[in-house]
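If you want the building blocks of each chain, they are given just below.
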Amino acid sequence: MKKLGAVIAILVLAAVAAIGLASCGGGDDSSGGGGGKGGILNATYASFPDYMDPALSYTVEGWTAMAEVYLPLLTYKHANGDEGTEVIPALAKELPEISNGGKTYTLFLRPGLKYSDGTPVKASDFPFSVERMIELNSPGSTFYFSIEGAEEFAETKKGPIPGIEADDKTGEIVINLENPRGTFENELALLFVAVLPQDTPLEDMSADPAPGTGPYMITKSQPGKGWEYKRNPYWEKANGEAMPDLPAGVVDGAKITVIRNEVTQVDDVENGTFDWMQNPPPSSRYAEVKENFEGTQFRVEPTISTYYFWMNTQEPPFDDLEVRQAVNYAVDDKALERIYAGSLSGSQQILPPGMPGHEEFELYPYDLAKAKQMIKEANPSDMEITVWTDDESPNNEAGEYFNEVLTDLGFDTTLKLLSADNFSTVIGNQSTPNLDAGWFNWFQDYPHPNDFFQPLLAGESITPTFNYNHAMFDDPAVNKKITELSEEQLGPEQEEAYAELDEEIMEQAPWAPYGNRTVSTFVSDEINLDSVIFNLTMGQYLSSFEFK
Amino acid sequence: MQDGETSAERGPWSLALRRFLHNRLAVAFLGVFLLIVVFVLAAPLWADHVAETGPNQEHTVDTVTVDGEERDVVTPEGKPIGPQWFDAGGKFFLGADSRLGRDEMVRLMYGGRTSLLVGISAALIATILAVVLGLVAGYYRGWADSIIARTLDTIWSLPVFLIGLSVGIALAVGGLKIGPLELAGGSLWIPILIISIFTVPYIARPIRGEVLSLSEKEFVEAAVAQGAGPLRVMFGEILPNLASTVIVFFTLMIANAMLFEAGLSFLGAGVQPPNSSWGTMVTVGVDLLRIQPLLAIAPGFMIMLTVLSLNIVGDGLRDALDPRGKARLDAALQFEAQAASPEPGATRP
């Protein structure tokens, strides 16, 4: 039996080794920072942005990555909280002059601007950039369909768009809208219409990013793996002086590495391998990181966001209102608060707190018995459902939770977990089979309630690709209200109307919303946490990072 | 068997069994493996009568009574309850698996069923395919052998795990549809097929070698002379002589297939959530390693114990079924060792 004893000893040793291996992190080597001004920021994202092309990206990761590489005519103030929702001029000299009953916007390009490759910026680059964005079927296209001829251009792909006039000599840009649009100034500050040189190819530039006008330029991009920034040489020579409201940035550049294991990311920030992780710590480490580092390396701030489960309202079984309402009764936001480990507060409505028009209501208090009864009465013909979610924690667990809720209600479910890199692209493509229900979240593009209705719940936003109306919700009365409200300037009356619209849509239950998330900034002890600016639209600004 | 029976009077299987039973290590680990099988087969009993929950049933906002005190299965901060052993009447014996609050012990038992099912099924398919291919290649030789052997070489030369991973991820999303064969994305058959296809060469190559040798034996020539057709010769004459090799490989392949499955599932390309296998459970456990290390250790230990048992049993079977093979191997190893060490009196250059 000596042999047996030896084997038992090996077993114990192997178990110890397995524990050791499991607790080892991956991670990349660190290039380190400088100390004080300059240095290279070594940061990590959990996934590569959907696109590294400003015309196409529609994710927090993408906008955070490109906010200081590509500038639109207008932009958001570099400030935390509500102050950061103020629209300020970027490439434009001033905010637009609005005339013709809110239908004409006139702006002037600042003189002497240059792209990071030295090409001068021209006024005609703006209409080119809008046309390129629409030609690429960008998910942001519909924001600009109010420009005269833009919708027709989207169909024919034949330009130019008659509603945009640009004069390269004077720098004047005139935009004529078909109808007034209360949100258009905000939309001119989105990255979709960041100005690009006219030789930019009509294709996704993620692997070879185009030159930009911001303080940093992307020097290397490896989709799926990471990317690098350096200072834009023409910022100091030309653009920085022309745009004094925009900071030049402290660090000399940044190297971003995609590390898909969030636990490893936390370890690597703790031990200084990385200076910052863009995504929040995973739920398993959230409480520990908060307890150990809050105030010194970790900061939590509210976001204007809604997390929700969508249901395809055009296909059985969710084409039945009673089924959708039953699902709403069955989703327990208190359970999801625990799944998000305290980084989410429960809610059952579309508009999040902090967004104008938000008025709290609760149409579907958790009642599983009632939900089951409703399903029994509805007796849906199709009980086979595919549930879609991404693989980032804790969204994957939220998806698993939803899958189990539907199973509890008697559905035969299949859960599809997709990589966060392409989740949005896959579920936004209507040729993907079995898009029945799934998880999604929405962070504000701009501080206007229209941003939570038009792209996500208006019939006109249903597109073959880059579709964000995953619920395929197309109610003529709701569509009309969304359009009418978008044409008005936001005031108390409109806010009340948006609050009513929120409740009206939730009565039809295309979603089962479950909460609003906080976001965190977690940096290494080399970084000055107080200097980091988190903008509600763009995320953390690269220019605000500085080494201690 | 009667007392006093000589070895010459015993059949080869009886002798093999006797040799196997004398290998105490192999017998001990066969017992361990059988205990594991009983453990996973008892999953519904434990789930229904002790834990009173299913493997995928979530208890995020539930409480459990531990020594008369109500405790959250998952705290508001998202921390799952730890091992309760029998303090809660067997509920959450190993704790909750994640913030979804599923019973870890129940998932471990059901996950073991999945892992064993995938391992045994994949090994069985791979063995059947390998035997057929090995027989055809070794018996017919010529172009049939060339095509089969080169195909096996090609599969062998591929980075099997990386390809399995890529194929697994692609099929986990889109499923598989080839003619009438249709598999949904989350089907267990996807990892089973991936593993079995990529492991065929590991069995088919040695079997082909043995068939090449056996087909030149007198009993094969005799069968052919008596008018036996190729199918009868292959499956009636040669295959029975391959039985010991096939049994040994099959046992070892179960272990390999289980490891393959654990690796694929750990990386998200094998068994799909919410179903559990020991591989997926390690993934979930690693996420919570700091606060509940047992969640990764328990399934990891089960994988290790099962694979080790099967390997030792496989070695024992080989020694029992083919003692000359072991003697040949021992002789070869001794020869290699002698060649490597300098002879007495010899000087180094």
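What counts, and at which threshold
Residues numbered from 1 in each chain as written. Chains lettered and ligands numbered in written order. Predicted model: local features only at pLDDT ≥ 70, side-chain atom pairs only at ≥ 80, totals over all residues. Helix = DSSP H or I, 4+ residues; strand = E, 2+ residues; numbered from the N terminus. Rg over C-alpha atoms; globule rule 2.2 N^0.38 Å. Buried ≥ 20, exposed ≤ 12 C-beta atoms within 10 Å, placed from the backbone. Contact = placed C-beta atoms within 7 Å. Nonpolar A, V, L, I, M, F, W, Y, C, P; charged D, E, K, R; others polar. Pairing = 2+ DSSP bridges. Right-handed = clockwise from strand over helix to strand, strands pointing away. pLDDT = per-residue confidence, 0-100. Core = buried A, V, L, I, M, F, W, Y, C linked by C-beta atoms within 7 Å. Axes fitted to C-alpha atoms, helices over the stretch in contact; angles between N-to-C directions. Parallel < 35°, antiparallel > 145°, perpendicular 65-115°, else oblique. Left-handed = near helix turned anticlockwise from the far one by under 90°.

Comments concerning the overall build of chain A
So, point 1. Per the secondary structure count, chain A includes 16 helices and 20 strands.
So, point 2. Against the 2.2 N^0.38 benchmark of 24 Å for 548 residues, chain A shows a C-alpha radius of gyration of 24 Å, consistent with a compact globule.
So, point 3. Seen through its C-alpha atoms, chain A measures out along the principal axes to roughly 90 × 60 × 40 Å.
So, point 4. Burial status across chain A gives 55% buried among its 548 residues.
So, point 5. Partitioning the contacts of chain A with sequence separation of at least 6, the portion at a separation of at least 24 is 71%.

Examining the interface of chain A and chain B
So, point 1. Every contact between the two is made by 37 residues of chain A and, on the other side, 35 residues of chain B.
So, point 2. Breaking the side of chain A that touches chain B down by element, the ones donating at least two residues are helix H1 (2-23), helix H8 (283-293), helix H10 (333-339), helix H12 (395-408) and strand E16 (412-418) of chain A.
So, point 3. Sorting elements by how many residues they give to the side of chain A that touches chain B places H1(A) first, with 10 residues.
So, point 4. Among the residues forming the side of chain A that touches chain B, the class breakdown is 21 nonpolar, seven polar and nine charged.

Focus on the pairing of E16(A)
Residues and elements named next belong to chain A.
So, point 1. In terms of residue burial, E16 counts as a mostly covered element, since five of its seven residues are buried.
So, point 2. Taken together, the seven bridges between strand E15 (residues 384-390) and E16 define a ladder with parallel strand orientation. Bridging across to E16, Thr 389 finds its partner in Leu 417.
So, point 3. What joins E15 to E16 is H12, and the crossover it makes is right-handed.

Examining the confidence of the model for chain B
So, point 1. Taken as a whole, chain B shows an average pLDDT of 88; of its residues, 90% reach a score of 70 or greater.
So, point 2. Confidence over residues 342-349 of chain B falls short of pLDDT 50; this stretch has zero contacts with residues more than four positions distant or in other chains.

Focus on the nonpolar core
So, point 1. Core analysis: the largest hydrophobic core is formed by 164 residues, its most contacted members being A:Leu73, A:Leu91, A:Trp276, A:Phe309 and A:Ala326.
So, point 2. If one sorts the elements of this core by residue count, strand E18 (residues 511-523) of chain A sits on top with six residues.
So, point 3. When near neighbours in sequence (up to four residues on either side) are disregarded, A:Trp276 contacts A:Leu41, A:Ala43, A:Val269, A:Val523, A:Ile527 and A:Phe545.
So, point 4. By size, the runner-up hydrophobic cluster in this structure holds 82 residues, among which are B:Phe93, B:Leu94, B:Ala122 and B:Ile303.

Remarks on H8(A)
The periodicity of an α-helix, 3.6 residues per turn, causes residues three or four places apart in sequence to face the same way.
So, point 1. Within H8(A) the residues assigned to the buried category are A:Ser283, A:Ser284, A:Arg285, A:Tyr286, A:Val289, A:Lys290 and A:Phe293.
So, point 2. Tucked inside the fold, the buried residues of H8(A) contact helix H7 (262-270), strand E12 (298-302), H10 and E18 of chain A together with helix H10 (278-287) of chain B.
So, point 3. Backbone geometry just downstream of H8(A) places A:Gly295 in the positive-phi region, at approximately 95°.

So, the environment of B:Glu70
Residue and element names in this part refer to chain B.
So, point 1. The topology assignment puts Glu 70 in strand E2 (residues 69-72).
So, point 2. Residue classification places Glu 70 among the exposed residues on the basis of 9 C-beta atoms within 10 Å.
So, point 3. Spatially, the C-alpha atom of Glu 70 lies 9.9 Å from that of Ala 88, the residues being 18 residues apart in sequence.
So, point 4. In contact with Glu 70, not counting residues within four places along its chain, are Thr 63 and Thr 65.

Some words on the packing of helix H6 (residues 160-174) of chain B against helix H7 (residues 189-214) of chain B
Residue and element names in this part refer to chain B.
So, point 1. Orientation of H6 relative to H7, taken along the N-to-C sense of each, is 155°, at an axis distance of 10 Å. Relative to H7, the element H6 lies roughly antiparallel. Crossing geometry of H6 relative to H7 is assigned as right-handed. Only Ile 190, Pro 191, Ile 194 and Phe 198 of H7 make contact with H6, whose side of the interface consists of Val 160, Gly 164, Val 167, Gly 168, Leu 171 and Ala 172.
So, point 2. Taken together, the residues of the contact of H6 with H7 break down into eight nonpolar, two polar and no charged.

Regarding H7(A)
So, point 1. With respect to burial, H7(A) is a largely interior element, nine of its nine residues being buried.
So, point 2. Considered for burial, the residues of H7(A) that qualify are A:Glu262, A:Val263, A:Thr264, A:Gln265, A:Val266, A:Asp267, A:Asp268, A:Val269 and A:Glu270.
So, point 3. Looking at the buried positions of H7(A), the neighbouring elements they touch are strand E1 (40-45), strand E11 (276-277), H8 and E18 of chain A together with H10 of chain B.
So, point 4. Downstream of H7(A) by one or two residues, A:Gly272 has phi in the positive range, about 85°.

A look at the sheet that holds strand E5 (residues 104-108) of chain A
All names here are of chain A.
So, point 1. Here we have four strands laid out as an open sheet, ordered E4-E5-E7-E6, and antiparallel in their pairing. Edge positions in the sheet fall to strand E4 (97-99) and strand E6 (164-167), since each has one partner strand and no second. For this sheet, the mean inter-axis angle between neighbouring strands, taken without regard to orientation, is 15°.
So, point 2. Bridging between E6 and strand E7 (residues 172-176) involves four bridges; their strand directions are antiparallel. Paired with Ile 164 across the strands is Ile 175, a residue of E7.
So, point 3. This element, helix H3 (residues 125-135), spans E6 and E7 of the sheet and lies at about 145° to E6.

Let's talk about the environment of A:Tyr307
All names here are of chain A.
So, point 1. If you trace the backbone, Tyr 307 turns up in strand E13 (residues 305-311).
So, point 2. Overall, Tyr 307 belongs to the buried group, with 24 C-beta atoms counted inside 10 Å.
So, point 3. Put simply, Tyr 307 and Thr 183 are 124 residues apart on the chain and 23 Å apart in space, counted from C-alpha to C-alpha.
So, point 4. Apart from residues no more than four positions distant in its own chain, Tyr 307 is found in contact with Leu 344, Asn 441, Tyr 514, Gly 515 and Arg 517.

Some thoughts on unusual backbone geometry
Residue and element names in this part refer to chain A.
So, point 1. With an omega dihedral of 0°, the bond running from Gly 159 to Pro 160 counts as a cis peptide bond.
So, point 2. Within the secondary structure layout, Pro 160 lies in the loop between helix H4 (150-156) and E6.
So, point 3. Residue Pro 394 is bonded to the preceding Ser 393 through a cis peptide linkage, with omega at 0°.
So, point 4. Relative to the helices and strands, Pro 394 is located in the loop between E15 and H12.

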